[in-house]
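Topology and contacts: notes
Given next are the chains, with one letter for each unit.
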Amino acid sequence: EEILQSTLGRDHILFAQNLHAFGRIAMARGDAGAAVPMLREAVQSLEATWGTENPDLIPVLESYRTALAAQGMNTEEIDTRIRDIRATIPGT
């Protein structure tokens with residue numbers, strides 16, 4: 001994360017995509033506590049770049065939702081956001 005931040009900067013899309021990957025790796029290792037902040041930051045960064053209604057956010061939001069649920073946290077807001085984005089996709 002530090003290397004990516006120093007070379008790309010926190011606002012770079014590749015930084016956010018790598019945070020998403022790191023968060024998923026943490027989840028695969030069973031460490032939702034480490035995954036939550038990485039996935040939260042990935043969502044925030046991608047929203048700043050893509051906007052909040054971009055369908056490409058759905059997999060990142062789903063990863064974030066899974067990490068939150070694993071921590072016993074409320075996922076209602078994320079569920080609503082995913083549902084709202086899906087509603088904007090033609091044919092769904």
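From a predicted model like this one, the values you see are computed outputs, not experimental measurements.

**Quick notes on helix α4 (residues 58–70)**
- Spanning 13 residues, α4 covers 18 Å between terminal C-alpha atoms, matching the ideal 18 Å at 1.5 Å per step.
- If you check which residues of α4 are buried, you get I58, V60, L61, S63, Y64, A67 and L68.
- Packing partners of the buried residues in α4 comprise α2 (13–28), α3 (32–50) and α5 (76–87).
- Immediately beyond the C-terminal end of α4, within one or two residues, lies G72, with a positive phi of roughly 75°.

**Quick notes on the packing of α4 against α5**
- Interhelical geometry of α4 versus α5 gives an angle of 160° and a closest axis separation of 10 Å. Relative to α5, α4 is oriented roughly antiparallel. For the crossing formed where α4 meets α5, the hand is left-handed. Here α4 contributes I58, L61, E62, Y64, R65 and L68 to the contact with α5, which in turn contributes I78, D79, R81, I82, I85 and R86.
- Grouping the amino acids of the contact of α4 with α5 by side-chain chemistry returns seven nonpolar, no polar and five charged.

**Looking at the packing of α2 against α3**
- The interhelical angle for the contact between α2 and α3, taken along N-to-C directions, is 155°, at an axis separation of 8 Å. What the angle tells us is that α2 and α3 run roughly antiparallel. For α2 against α3, the interelement crossing comes out left-handed. Each of I13, F15, A16, Q17, L19, H20, F22, G23, R24, A26 and M27 in α2 lies in contact with α3, whose residues at this interface are A32, A34, A35, M38, L39, E41, A42, S45, L46 and W50.
- Each residue belonging to the contact of α2 with α3 can be placed in one class, and the counts come to 15 nonpolar, four polar and two charged.

**Thoughts on the confidence of the model for the protein**
- Mean pLDDT for the protein: 91, with 88% of residues reaching 70 or above.
- Within the protein, the lowest mean pLDDT, 64, falls on helix α1 (residues 2–8), and the highest, 98, falls on α4.

**A closer look at the pattern of salt bridges**
- Tallying each qualifying case throughout the model produces three salt bridges.
- Among the ionic pairs, R86 bridges to E62, the shortest N-O distance being 2.4 Å. Taken together, the positions of R86 in helix α5 and E62 in helix α4 put the pair 24 residues apart, joining distant regions of the chain.
- You can call E62 partly exposed: its relative accessible area is 32%.
- With a closest N to O distance of 2.5 Å, R65 and D79 form a salt bridge. You can see R65 sitting in helix α4 and its partner D79 sitting in helix α5, a full 14 residues away along the chain.
- Judged by relative accessible area, which is 30%, R65 ranks as partly exposed.
- Residue D79 is classed as partly exposed on the basis of its relative accessible area of 24%.

Basis of the calculations
- Residues numbered from 1 in each chain as written.
- Predicted model: local features only at pLDDT ≥ 70, side-chain atom pairs only at ≥ 80, totals over all residues.
- Heavy atoms only, no water.
- Helix = DSSP H or I, 4+ residues; strand = E, 2+ residues; numbered from the N terminus.
- Expected span 1.5 Å × (residues − 1).
- Buried < 20%, exposed > 50% of the residue type's maximum accessible area, 1.4 Å probe, protein only.
- Contact = heavy atoms within 4.5 Å.
- Axes fitted to C-alpha atoms, helices over the stretch in contact; angles between N-to-C directions.
- Parallel < 35°, antiparallel > 145°, perpendicular 65-115°, else oblique.
- Left-handed = near helix turned anticlockwise from the far one by under 90°.
- Nonpolar A, V, L, I, M, F, W, Y, C, P; charged D, E, K, R; others polar.
- pLDDT = per-residue confidence, 0-100.
- Salt bridge = Lys/Arg side-chain N within 4 Å of Asp/Glu carboxyl O.

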